[in-house]
Amino acid sequence: MITRRQLLGYLGGVAAMGVGLPLLGGTTEPGTLIPSLLPLPTPFRARLPIPRTLTPGRHPEHPGADYYEIVDQVVAHEIIPGVKTRLWAPGGTFPGPTIVSRSGRPTVVRRINRLPVPTVNHLHGGHVPADSDGFPTDLVFPLDYEPEHESMAGMPMVEDPSAVTTVGHRDYVYPMNQRAATLWYHDHRMGATGTDVWNGLAGFHLIRDDEEQALPLPSGDRDIPLMVADRSFNRDGSFRSPDTAMDGALGDVILVNGAPWPVADVHACRYRLRLLNASNARRYRFALGGLPFVQIGSDGGLLERPLTHSTVDVAPAERFDVIVDFSGHQGRSVTLTDELDGGPIMRFRVGDPLPDRTDVPDRLSEVPLLRREQAAVIREFAFQKGPRYWGINGELFDPTKPIATPRLGEYEIWRLVTDFHHPVHLHLAQFQVLSRNGKGPGPADAGWKDTIDLRPAEVAEIIVRFTDYRGRYVLHCHNLEHEDMAMMALVTVV
Ligand SMILES: [Cu+2]
């Protein structure tokens, strides 16, 4: 079997393949299962970890900003009882520590690389200048990097004269001129994002603002971020490599905040759960034992009005902010399950009620509906498989050749055509879904989105407007194996 690294090597860079590739048919799985080689742990034994929230500091180079330092490092952690897993851990944990920013107040994150490989950090959902977006070739090399040990995966195979690399660390500067939302950070290294994220380079970055804080929503320890990610393990506890699953790596152990099928003790009252699918390729259809999910937010923050779902489909990189009411369930266990796989995700043990002053107002925020007539440009992007790669409009990722050059401030409609499950993610701008297969948006499409869950042989239209920052960004599939096998394109905002 050819691995992604070999493939990128064979291609030796960028090959323009012909457009008009045939559609794949009949595939319903978003990837290939990589089975673990050790006995799987018993579900609901591990406690749900909550990633620690960092306290901001100050830095003289960045006056007025909240400043953070995160050291990306190798640690060994017991995820499966009895064995240790080597992680590439931001700040020493997986998930990495949570950053909480205030809307309107700049945040600077210094990422210090003490890993054996280069890194690139992307703030997913961030509205940030191009030089802090984590462009896939803007590598941060470790101080003692020896490229001969990692030549295929570590170095970009394509010459990119515009890449801005650093050694040791990089300061990512985020203006935070955006509304409250559940963002996350993760690695974005060209050709190796799947491996880097699978090994641990991911964490939450939340933004809060006055509008959201004025709402009577559950907060404090009743506002729980849940990073759901599947992984597979070798006999010695190390992660199996996702590298060989060219259509997407599926693990057989579901981690929530880094723990396998954990359990959380909750009170019999309302909670806010920030659901993030940080899996490389797996899609989930979350269900909660018959309890409804009251969705209050999407990728880009609050919805205008809450939406009630019995299940929610969450593709890689999507976020769903939901309110769950455990009142009336004291003394019971409520299990979060995946209806697509039929397996559990985690369990909530419901304890005593608390006096609950929270509420979910009928009106949460204002989300102005973008209209088709506002768009000046229509573009079409076909996400399709080639013989040995994944491409967009028949092209492999070329960091020097833009697939689109949208003008700052103009509305555009993008038609996204697919052959397979492709969670399509756009950097810089949040968009709205206009249609799917000629009909209206789907139940998971409400609000501002930065990732859309496209199903096989689907055509979706999104409307988007790039504002504030010119420069190099990317459009790509967030199935990380597809992304690494070149299903990504340069979008240069002009
Ligand atoms: Cu894809």
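Residues numbered from 1 in each chain as written. Predicted model: local features only at pLDDT ≥ 70, side-chain atom pairs only at ≥ 80, totals over all residues. Heavy atoms only, no water.

**Q** Lay out the overall build of the chain in plain terms, naming residues and giving numbers.
**A** Each helix and strand counted, the chain has five helices and 34 strands in total. Put simply, the chain has 494 residues, and 61% of those count as buried. Long-range pairs, those at least 24 residues apart, make up 80% of the contacts in the chain between residues at least 6 apart in sequence. A total of about 18300 Å² of accessible surface is found on the chain, and carbon and sulfur atoms cover 52% of it. The chain carries 49 positive and 60 negative side-chain charges, and their two centres are separated by 3 Å. (Helix = DSSP H or I, 4+ residues; strand = E, 2+ residues; numbered from the N terminus. Buried < 20%, exposed > 50% of the residue type's maximum accessible area, 1.4 Å probe, protein only. Contact = heavy atoms within 4.5 Å. Areas by Shrake-Rupley, 256 points an atom, 1.4 Å probe, with all protein chains shown as cover. Lys, Arg positive; Asp, Glu negative; His and termini not counted. Charge placed at Lys NZ, Arg CZ, Asp CG, Glu CD.)

**Q** Give me the lowdown on the nonpolar core, citing residues and values where you can.
**A** Soluble globular proteins tend to pack their nonpolar side chains together in the buried interior. If you look at the biggest cluster of nonpolar residues, it comprises 57 residues, and the most contacted ones within it are Leu226, Phe286, Phe293, Phe326, Ile345, Met346 and Phe348. When residues of this core are assigned to their parent elements, the largest contribution, five residues, is made by strand S12 (residues 223-231). For Phe326, the contacting residues outside a window of four places in its chain are Val266, His267, Ala268, Cys269, Tyr271, Leu291, Val334, Phe348 and Val350. Grouped together as the second largest cluster of nonpolar side chains are 31 residues, Leu416, Val433, Leu475 and Met487 included. (Core = buried A, V, L, I, M, F, W, Y, C linked by side-chain atoms within 4.5 Å.)

**Q** Could you give an account of the pattern of salt bridges, with specific residues and numbers?
**A** The tally for this structure, following the rule as stated, stands at 35 salt bridges. A salt bridge links Asp230 to Arg282; its shortest N-O distance comes to 3.0 Å. One end of the pair, Asp230, is in strand S12; the other, Arg282, is in the loop between strand S17 (270-277) and strand S18 (284-287), and 52 residues separate them in sequence. Side by side, Asp230 and Arg282 carry an identical accessibility label, which is buried. Where Lys449 meets Glu318, a salt bridge forms, and the shortest distance between an N and an O atom there is 2.7 Å. (Salt bridge = Lys/Arg side-chain N within 4 Å of Asp/Glu carboxyl O.)

**Q** So, unusual backbone geometry: which residues are in play, and what are the values?
**A** Following Phe94, the chain continues to Pro95 via a peptide bond in cis, the omega torsion being -5°. Within the secondary structure, Pro95 is located in the loop between strand S3 (85-90) and strand S4 (96-102). Although it is not a glycine, Met176 sits at a positive phi angle of roughly 65°. Relative to the assigned elements, Met176 resides in the loop between strand S9 (169-174) and strand S10 (181-187). What makes Met176 buried here is its relative accessible area of 0%. Here the phi dihedral of Trp261 falls at roughly 35°; this positive angle occurs in a residue that is not glycine. With respect to the helices and strands, Trp261 occurs in the loop between strand S15 (259-260) and strand S16 (263-266).

**Q** Quick one: what's the story with the UniProt feature "domain: Plastocyanin-like" (unreviewed entry) in the chain, residue by residue and with numbers?
**A** Taken from the UniProt record, the annotation "domain: Plastocyanin-like" (unreviewed entry) applies to residues 81-136, 152-211, 256-328 and 386-493. Split by type, residues 256-328 is 0% helix and 62% strand. Its first and last C-alpha atoms lie 25 Å apart. Each end of residues 386-493 is marked by a C-alpha atom, and these two atoms are 28 Å apart; helix forms 5% of the span and strand 45%. (UniProt positions renumbered as here; feature names shortened; annotations may be inferred.)

**Q** Hey, could you go over the sheet that holds strand S22 (residues 319-325) for me, with residue numbers and the actual values?
**A** The strand order across the open sheet built from seven strands is S15-S14-S12-S17-S22-S19-S20, with neighbouring strands paired in mixed fashion. On the outer flanks of this sheet lie S15 and strand S20 (301-309), each paired with one strand and no other. Inspection of the sheet shows S12 paired to S17 by six bridges, in the parallel sense. The residue of S17 that forms the bridge with Leu226 is Leu275. (Pairing = 2+ DSSP bridges.)

**Q** Give a description of the sheet that holds strand S5 (residues 107-113) that names residues and reports values.
**A** Strand order in the open sheet formed by four strands is S3-S2-S5-S9, with mixed pairing between adjacent strands. Taken across any chain shown, the strands that pair with only one partner, and hence form the sheet edges, are S3 and S9. Across the sheet, the mean angle from the axis of one strand to that of its neighbour is 20°, orientation sign disregarded. Pairing of strand S2 (residues 66-77) with S5, which is carried by seven bridges, proceeds in the parallel orientation. Residue Asp72 lies in a different strand from S5, and its bridge partner there is Asn113. (Axes fitted to C-alpha atoms, helices over the stretch in contact; angles between N-to-C directions.)

**Q** Pulling in residues and values, what's your account of the side chain of Arg472?
**A** Secondary-structure assignment places Arg472 in strand S33 (residues 471-477). Relative accessible area serves as the criterion here: at 16%, Arg472 is assigned to the buried category. At a separation of 3.2 Å, a polar atom in the side chain of Arg472 contacts the side chain of Asp160. At 2.8 Å, the side chain of Arg472 and the backbone oxygen of Pro399 are in polar contact. (Polar contact = N/O pair within 3.5 Å; in protein donor to acceptor, adjacent residues only side chain to side chain.)

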